[in-house]
Amino acid sequence: MLGAIAGDIVGSIYEFDPIDHEDFEPLFGEDATFTDDTILTVAVADALVSGRDPVETFKAWGRGFPNAGWGGMFARWLFSDETAPYGSFGNGAAMRVSPAGWIGRDLDEVLALADRVTVVTHDHPDAVDGARAVAEAVYRFRTRATADAVRDAIGRRYGYDLDRTAAQIRPHYDFDETCRGTVPPALVCALEARSTEDAIRKAVSLGGDADTLAAIAGAVAEARFGLPTDLANEALARIPEPMRDVLRRAYARAGAAMPGGTQDADPDPAT
Ligand SMILES: [Mg+2]
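Nothing here was measured: the structure is a model prediction, and the numbers come from that model.

Chemist: What is the right way to look at the pattern of salt bridges in this model?
Modeler: It is possible for side chains of opposite charge to pair when their charged atoms get near one another. On inspection of all chains with the given rule, the structure shows 19 salt bridges. For Lys-202, the salt bridge is made with Asp-198, and the minimal N-O distance between the two is 3.0 Å. Of this pair, Lys-202 and Asp-198 both sit in helix α12 (residues 196-205), four residues apart, which is roughly one turn of the helix. A residue is classified by how much of its surface remains accessible, and Lys-202, at 4% relative accessible area, is buried. For Asp-198, a relative accessible area of 7% puts it in the buried group. In the salt-bridge network here, residues are joined through shared partners; they are Glu-22, Arg-170, Arg-194, Asp-198 and Lys-202.

Next up, the structure:
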């Protein structure tokens, strides 16, 4: 959850200004800020913790941030009275779903929760699969599966080619907002990484939809490696308190400790 948010913030300044290397500095750029990936991750967590209708939580959270980098079709849905899904196969289904992987108590429940928050907008089979794949990877890693086991299970079940490296993908990768074009490369970054920061750096280095790639890679890597306190605190300092409050309740529901060192106080003494 917070790994997705960290990835979104780190990647935010590279979505329209892509880079092709991992050793960019600083990790969190001065102008890096949360975008749609963070807002909807929080909205999914809110829906799953509160039991509210995901349509209601997406609209309530999303409309509070009109300039968050929304995709065109989602923006039309968000700011209209429309409540029906619109057949999307976009990567939005996958970037927001990580709370399902944390809150579900077994794999069946994880997949059911992923579907519940996905089909309300992204009812195309590729999007349902993309959300399930990310939620399943989060669940498997947080229940201590190895990277080889996750690569096999996810590759086989969803038909994704995960037997590649970020270095092999990078030269041929173009901006791609589909689930099928985003989820496999983001998973490769999390599978190949040595740490959560490494996964986020690899995802940004692919170019393309950098914040969403990094949100997915960061979400999965967090479940595998955890989120270092300094990285968690940097992300927490860049989101508003109502989002932190939802995250505290979501980690509590998952029976997991929220990453970061100063959870009860404002982590940024300057604000
Ligand atoms: Mg974004």
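There is more to say, and it comes next.
Chemist: Would you take a moment to explain the nonpolar core for this structure?
Modeler: Buried together is how nonpolar side chains tend to be arranged in soluble globular proteins. Counting 99 residues, the largest nonpolar core has Leu-2, Ile-154 and Val-183 as the members making the most contacts within it. For this core, the leading source of residues is helix α13 (residues 210-225), giving 10 residues. Excluding its chain neighbours within four sequence positions, the residues that come into contact with Val-183 are Ala-94, Gly-130, Ala-133, Val-134, Tyr-160 and Ile-216.

What counts and what doesn't
Residues numbered from 1 in each chain as written. Predicted model: local features only at pLDDT ≥ 70, side-chain atom pairs only at ≥ 80, totals over all residues. Heavy atoms only, no water. Salt bridge = Lys/Arg side-chain N within 4 Å of Asp/Glu carboxyl O. Helix = DSSP H or I, 4+ residues; strand = E, 2+ residues; numbered from the N terminus. Buried < 20%, exposed > 50% of the residue type's maximum accessible area, 1.4 Å probe, protein only. Core = buried A, V, L, I, M, F, W, Y, C linked by side-chain atoms within 4.5 Å. Contact = heavy atoms within 4.5 Å.

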